[in-house]
Each structure stands twice: as C-alpha cells, then as structure tokens.
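# Structural characterization, general
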Amino acid sequence: MLKEGSQAPDFSLSDDQGKTRKLSEFAGKTLVLWFYPKADTPGCTIEGKGFRDLKAEFDAKNAEICGVSFDTVADNRRFREKCEFPYALLSDTDKKLAIACGAAADAKAATPKRVTVVVGPDLKVKRFFGTVKPAEHPREVLDAI
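If you're wondering where the values come from, they're calculated on a predicted model, not measured in any experiment.

### Points about helix H5 (residues 137–144)
Spacing of three or four residues puts side chains on the same side of an α-helix, whose turn is 3.6 residues. When H5 is considered as a whole, its buried residues turn out to be His137, Pro138, Val141 and Leu142. The buried residues of H5 occupy one face: seen down the axis, they fall within an arc of 135°. Along its buried surface, H5 packs onto strand E3 (30–35), helix H1 (42–53), helix H2 (55–60), strand E6 (116–119) and strand E7 (125–129).

### Quick notes on the packing of aromatic side chains
If you walk through the whole model with that rule in mind, you get seven aromatic pairs. With a centroid separation of 4.8 Å and an interplanar angle of 35°, the aromatic rings of tryptophan 34 and tyrosine 36 are classed as tilted. Here the aromatic rings of phenylalanine 79 and phenylalanine 85 are separated by 5.0 Å at their centres, their planes lie at 90°, and the arrangement is edge-to-face. According to the relative accessible area criterion, phenylalanine 85 is buried, its value standing at 4%. Here a set of aromatic residues connected by ring pairs shows up, and it is made of Trp34, Tyr36, Phe51, Phe58, Phe79, Phe85 and Tyr87.

### What about the side chain of arginine 21?
Tracing the backbone shows arginine 21 in strand E2 (residues 20–22). Excluding residues that lie within four positions of it along the chain, arginine 21 makes contacts with Phe11, Ser12, Leu13, Asp15, Phe26, Ala88 and Leu90.

### Structural notes on H1
Between the first and last C-alpha of H1 there are 16 Å, a value that for 12 residues agrees with the 16 Å anticipated at 1.5 Å per step. Inspection of H1 places Gly43, Cys44, Thr45, Glu47, Gly48, Gly50 and Phe51 among the buried residues, and these make up the whole buried set.

### Let's talk about the environment of alanine 27
For alanine 27, the location among the structural elements is in the loop between E2 and E3. Along the chain, alanine 27 and valine 119 lie 92 residues apart, while their C-alpha atoms are 9.3 Å from each other. If we skip the residues at most four places from it in the chain, alanine 27 touches Pro121 and Leu123.

### A closer look at the nonpolar core
Ranked by size, the top nonpolar core spans 26 residues in total, and within it Phe11, Leu31, Leu33, Phe35, Leu90, Leu97 and Val117 carry the most contacts. Those elements that place two or more of their residues in this core are E3, strand E4 (63–69), strand E5 (88–91), helix H4 (96–101), E6 and E7. With sequence-adjacent residues up to four places away left out, phenylalanine 11 is seen in contact with Arg21, Lys22, Leu23, Phe26, Leu31, Leu33, Leu90 and Leu97. Core analysis: the next-biggest nonpolar cluster, separate from the first, contains 21 residues, Tyr36, Ile65, Phe85 and Phe129 among them.

### Comments concerning the state of the cysteines
A covalent bond between the sulfur atoms of two cysteines is referred to as a disulfide. Counted by the stated rule, this structure contains zero disulfides. Cysteine 83 provides the cysteine sulfur closest to cysteine 44, a residue in no disulfide bond, and the two sulfurs are 10 Å apart. Summary of cysteine pairing: cysteine 66 is not part of a disulfide, and the nearest cysteine sulfur, belonging to cysteine 101, is at 12 Å. Of the residues examined, cysteine 66 reaches a relative accessible area of 1% and is grouped as buried.

### A look at the pattern of salt bridges
Two side chains that carry opposite charge are able to pair once their charged atoms sit near each other. All told, the structure shown has 12 salt bridges when counted by the stated rule. For arginine 139, the salt bridge is made with aspartate 143, and the minimal N-O distance between the two is 3.8 Å. One end of the pair, arginine 139, and the other, aspartate 143, are both in helix H5, four residues apart, so they sit about a helical turn from each other. Looking at arginine 139, the relative accessible area reads 37%, which means it is partly exposed. Of the residues examined, aspartate 143 reaches a relative accessible area of 52% and is grouped as exposed. Within this structure, Asp15, Arg21 and Glu25 form a network of salt bridges that share partners.

Here is what the cut-offs are and how they apply
- Counting restarts for each chain, with residues numbered from 1 along the sequence as it is written.
- Totals for whole chains, interfaces and linings use all residues, but because this is a predicted model, local features are given only for residues with pLDDT of at least 70 and pairs of side-chain atoms are given and counted only at 80 or more.
- Hydrogens and water are ignored here; the side-chain numbers use all heavy atoms of the structure.
- Partly exposed describes any residue whose relative accessible area lies between the buried limit of under 20% and the exposed limit of over 50%, with all areas from a 1.4 Å probe on protein chains only and scaled to the type maximum.
- The numbering of helices and of strands both runs from the N terminus, where a helix is a DSSP run of H or I of at least 4 residues and a strand a run of E of at least 2.
- Throughout, the arc means the angular range of directions from the helix axis out to the C-beta atoms.
- Every residue pair with non-hydrogen atoms within 4.5 Å of one another is taken to be in contact.
- Under the pairing criterion, centres of Phe, Tyr and Trp rings, with the six-membered ring standing for Trp, must be within 6.5 Å; the plane angle then separates stacked pairs below 30 degrees from edge-to-face pairs above 60, leaving the rest tilted.
- In this scheme, a helix's expected span is set at 1.5 Å multiplied by one less than its residue total.
- Note on terminology: a nonpolar core comprises buried Ala, Val, Leu, Ile, Met, Phe, Trp, Tyr and Cys residues joined through side-chain atoms within 4.5 Å.
- Criterion for a disulfide: a pair of cysteine sulfur atoms at a distance within 2.5 Å.
- Salt-bridge detection follows one rule: a side-chain nitrogen of Lys or Arg within 4 Å of a carboxyl oxygen of Asp or Glu.

Dropping the structure here:
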C-alpha cells in the first residue's frame, strides 16, 4: 500500500493513442491516477464521465487526470472515444503500476481494484483512495486537491 508523502511509483505506459507516458512528465502538476477494472463497463463509465465532466475544475487546480486499467491500447482508445474523455487512458498490461499502487495484489489479478492515487507536483503521493464509489468519487478527488 502506498503511503502519503512517499515517492510515487515510476512508470512508463502506453496511452490510448500509443504514446509512452512517464511519471516524470507530470512533474510540477498534480496527477490523478484513477484505476478502473474494465473499459466500457457501467461503473467505469460512470466514474470516467464524472472525471470528464469536472475536467475544467481539475485544470484550474493544475491537475492532470489519467485512467489506468489492464485493457489494451485499442480497447482504451475505443472507450475514450465513445465517452469523449478529454484525458489519457493508460494500459498497464504488465500490471506493475497497479501492483505498486495497491490496485492489484499480484500479476495474477484479472482486473485492477477501483482505487485512486493523487500524486503531487513533487511526484510524491499526496493522497490514496482505497474505497471508491464511482458516481461520487471524481468530486471527492477534486475536493481533496
């Protein structure tokens, strides 16, 4: 489990456009990593749209949003396009980031748990949400930043 104030786990993952995204590119901003079990499923769609609808308010707080799942780049691309998400969806297919963030116990996990990690501009864990209600969570995260 991540501890608030600890260094955020480094990562290098493909986003829904096939671009490699790394933790270091978010230095100086707040990064919201919301882990979701499966692209285009009801709870994930509700949560994703909540983040989408609050994007301007996250922007005003200098916060970037990235969804993270075990889905393929193509599956995440379809999900993002269908729901018109204005933020990247990352494919953690080797499950390393999910394991490091407490969203999966090990590489045998079929899907990540619904957790969120907020990383501060200094790339340290600012907040960890281990319990998430999809409809309420985006506002909860925004209020915590």
